[in-house]
Amino acid sequence: MRAFISLTLAVFRNLSRYRSEYAGSFLGPVFWVIPAWLIVRYATIDAFGVNAFSFTAAAMYFFIGAIYWNYVEGIWSIALGLRENMRLGTLESLWASPAPRLSMIMGWSTGRLLGTTLHSLLAFGLLSALSMIHLRDLSLANAMAVVVVIVFSVLASYGFGFVLVGLTLKFKDAESIISMLGNAAPLLGGILFPIKYLPAPLRLIAYSFPFTYGVDALRGTLLGSQTILPLPTELGLIITMGLLFPVFGWIFFSWIEGKARKEGIGAF
Amino acid sequence: MRAVFSLLYKELSYHRVYPLDLISLAISPFFIVAPFVFVAKAQNENLQLAVALGLIVWYWLSMFFWGVGYGVRDEIEEGIIESLLATPASIRNLLAAKAIDTLLINLYITAALMILLWLLAGIPFHLDWAKFLLLFIVSNFALASLSFVYAAFVLVARQASFAGNLFQEAVGILSGMTAPVSILPKAVRWLSMLIPLTYAIEGARKVAVGQFPYREMAILFVFGVVLLLLGVFFVQKAEGYLRLTGTTGEY
């Protein structure tokens, strides 16, 4: 627990030390939403299956995708934090300490998740002030569904995060792999558009990409858009993913870490 | 000139040592560009080519910003800027080498992007390639010059990724990256006219409809010359500031 608190505080200290770097990240979702929204504005044709489609609904459609992806990516980026420690030469000392690995990873990610929440709220405020988005009246059942989707998606994302941390220990230029995966996910997950518009081979990958259903369920709940699978099925799938992925991810990470301890992690 | 080629050799060697980066450079831009292209596809298939070209050209700017402007921080973080400053080579030589490397990468990325967008999004790039190549060269010259100005800012400000991100993204929106400048509010449209990327994107879209973008290329060339002079001046000043204050190791 002490390691978890220390590393969470370290993340915040880093954020306060490099405030201007962090300040920029709150504009991330804004820069997903506006360029996509301008296309809609230019074309003005309904293609997103949202009831009473309007420019506001389109912006909300993109905003939900961007925020959802921000959370998923926020956890994946723990691997980049590990890489940074490798680059700075502090990983070996950290790894040699008695701190549990899980506490370390959770410490790195908690700070990022809180940061993501803060800049998501700021982005929401900015886009609302521009009258680009607004939140519909939310029933208790829908609010619960939103919480379930976010919590279990975050858990599932940890599973991916553990795998990426393992890959970072294994490959000297893991940044490229992480960057490729990170960049591919918004396309395959339909962060900005319905995945039915993808070509068949990519659509197949998109259907097997778990976070596709997370963002789809979130939009189904908040915007009433048509979902790929029935909403209860999607919720069940997300809960299952959230329970299984962290376990499998941790097993993979532990295996790679055991190998790294024997073979070394300095080659990068 | 020898210093520029030696530094360029160093930049190119990096790609040999990290081959996965080259694969990532071929594939990652597609993943960044494609979501917007599919938004266009969902709206109106005729928009796809215009959106794709706008994003490809914006990607050139992005590469110069991070490869040249912010790229100068690589040497600072790796702790080799001091050794470089101790040689007769200057930071301008380093930036020139990075600019040539980025130009080659942009060519590589553009080819990879067009192939992937053709294969996976079905966009037919029926362009006059000679015109497009000319536009590519002039645009890259203007954007590289702009990145020199940003490099000077990075050297002095040190924490400049926020400004870089903000500028790159805002410039993308203002220059008509995904939709023509004409749909932007009138109040900000004058800003678009001050950005070289606007003319590069307009030029690319003109090539797509079979026109020769004389006007855009002339404006880009003027932008390139002015920004290069400004960039070289500011970098020289920033280098002097670094030497005087001894802040090369701070970031």
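Note that the coordinates shown come from a computational prediction; the quantities given were computed from them, not determined experimentally. (Residues numbered from 1 in each chain as written. Chains lettered and ligands numbered in written order. Predicted model: local features only at pLDDT ≥ 70, side-chain atom pairs only at ≥ 80, totals over all residues.)

1. Some remarks on the overall build of chain B
Each helix and strand counted, chain B has 11 helices and zero strands in total. Here chain B has a C-alpha radius of gyration of 18 Å; the compact-globule value for 251 residues is 18 Å, and the two agree. Taken over the C-alpha atoms alone, chain B extends approximately 55 × 45 × 30 Å along its principal axes. When burial is assessed residue by residue, chain B has 46% of its 251 residues classed as buried. Relative to all contacts within chain B whose residues are 6 or more apart in sequence, the contacts with residues 24 or more apart total 77%. (Helix = DSSP H or I, 4+ residues; strand = E, 2+ residues; numbered from the N terminus. Rg over C-alpha atoms; globule rule 2.2 N^0.38 Å. Buried ≥ 20, exposed ≤ 12 C-beta atoms within 10 Å, placed from the backbone. Contact = placed C-beta atoms within 7 Å.)

2. Brief notes about the overall build of chain A
Each helix and strand counted, chain A has 12 helices and zero strands in total. The order of α-helices and β-strands along chain A, N terminus first, is α-α-α-α-α-α-α-α-α-α-α-α. With 268 residues in all, chain A has 44% of them scored as buried. If you take every contact in chain A between residues at least 6 apart in sequence, the share linking residues at least 24 apart comes to 79%.

3. Points about the interface of chain A and chain B
If you look at the interface, chain A gives 36 residues, while chain B gives 35 residues. For the side of chain A that touches chain B, the secondary-structure elements that each account for two or more residues are α2 (19-25), α3 (28-43) and α9 (174-188) of chain A. Broken down by element, the residue count for the side of chain A that touches chain B peaks at 10 residues, all from α3(A).

4. Focus on the confidence of the model for chain B
All names here are of chain B. Per-residue confidence for chain B averages 87 on the pLDDT scale, and 97% of its residues sit at or above 70. The element-level mean pLDDT for chain B is lowest in helix α4 (residues 72-77), coming to 77, with helix α10 (residues 196-208) highest at 94. Across the interfaces of the predicted complex, the ipTM metric reaches 0.80, alongside a pTM of 0.81. (pLDDT = per-residue confidence, 0-100.)

5. Overview of the nonpolar core
Counting 143 residues, the largest nonpolar core has V33(A), I39(A) and F62(A) as the members making the most contacts within it. Top element by residues in this core is helix α4 (residues 55-76) of chain A. It accounts for 16 residues. (Core = buried A, V, L, I, M, F, W, Y, C linked by C-beta atoms within 7 Å.)

6. Notes on the environment of I23(B)
Summarising the element assignment, I23(B) is placed in helix α2 (residues 19-43). Here the alpha-carbon distance between I23(B) and A112(B), two residues 89 residues apart in the chain, equals 10.0 Å.

7. Here we look at the environment of M177(B)
Here M177(B) is to be found in the loop between α8 (161-174) and α9 (186-193). Given 27 C-beta atoms within 10 Å, M177(B) falls into the buried group. Along the sequence, M177(B) and L197(B) sit 20 residues apart, while their C-alpha atoms lie 8.7 Å from each other. Contact partners of M177(B), with chain neighbours within four places excluded, come to P35(A), G54(B), L55(B), W58(B), G172(B) and I201(B).

8. Brief notes about the packing of α4(A) against helix α7 (residues 101-129) of chain A
Residues and elements named next belong to chain A. Running from amino to carboxyl end, α4 crosses α7 at an angle of 165°, the nearest separation of the two axes being 9 Å. Considering the angle they form, α4 stands roughly antiparallel to α7. As α4 packs across α7, the resulting crossing turns out to be right-handed. Side by side, α4 and α7 meet where A59, F63, I67, N70, Y71, G74 and I75 of the first sit next to S109, R112, L113, T116, S120 and L127 of the second. Partitioned by chemical class, the residues of the contact of α4 with α7 number seven nonpolar, five polar and one charged. (Axes fitted to C-alpha atoms, helices over the stretch in contact; angles between N-to-C directions. Parallel < 35°, antiparallel > 145°, perpendicular 65-115°, else oblique. Left-handed = near helix turned anticlockwise from the far one by under 90°. Nonpolar A, V, L, I, M, F, W, Y, C, P; charged D, E, K, R; others polar.)

9. Considering the environment of H119(A)
In this fold, H119(A) is placed in helix α7. As for H119(A) and W37(A), which are separated by 82 residues in sequence, their C-alpha atoms are 20 Å apart.

10. Things to note about the packing of helix α6 (residues 91-121) of chain B against helix α7 (residues 129-157) of chain B
Residues and elements named next belong to chain B. At a minimum axis separation of 11 Å, α6 and α7 run at an interaxial angle of 140°. Between α6 and α7, the angle falls in the class oblique. Of the two possible hands of crossing, α6 and α7 adopt the one that is right-handed. Mapping the contact onto sequence places L95, A99, T102, L103 and N106 in α6 and N140, A144, F148 and A151 in α7. Partitioning the contact of α6 with α7 into residue classes produces six nonpolar, three polar and no charged.

11. Regarding the confidence of the model for chain A
Keep in mind that low pLDDT regions are not for reading the predicted coordinates in detail. All names here are of chain A. Across chain A, the average pLDDT comes to 78, with 84% of residues at 70 or higher. Element-level pLDDT for chain A is lowest in α2, with a mean of 61, against a maximum mean of 87 in helix α12 (residues 231-263). Under a pLDDT of 50 for its full length, residues 45-52 has, in the predicted model, 20 contacts with residues more than four places off or in other chains.

12. Some words on helix α11 (residues 214-245) of chain B
Side chains three or four residues apart in an α-helix point the same way, a direct result of the helix having 3.6 residues per turn. All names here are of chain B. The terminal C-alpha atoms of α11 lie 46 Å apart, and with 32 residues this matches the ideal 46 Å at 1.5 Å per residue to within 8%. Burial in α11 covers these residues: E216, M217, I219, L220, F223, G224, L227, G231, V235 and L242. For α11, the secondary structure elements touched by its buried residues are α6, α7 and α10. With its phi angle positive at about 65°, G246 sits one or two positions after the end of α11. (Expected span 1.5 Å × (residues − 1).)

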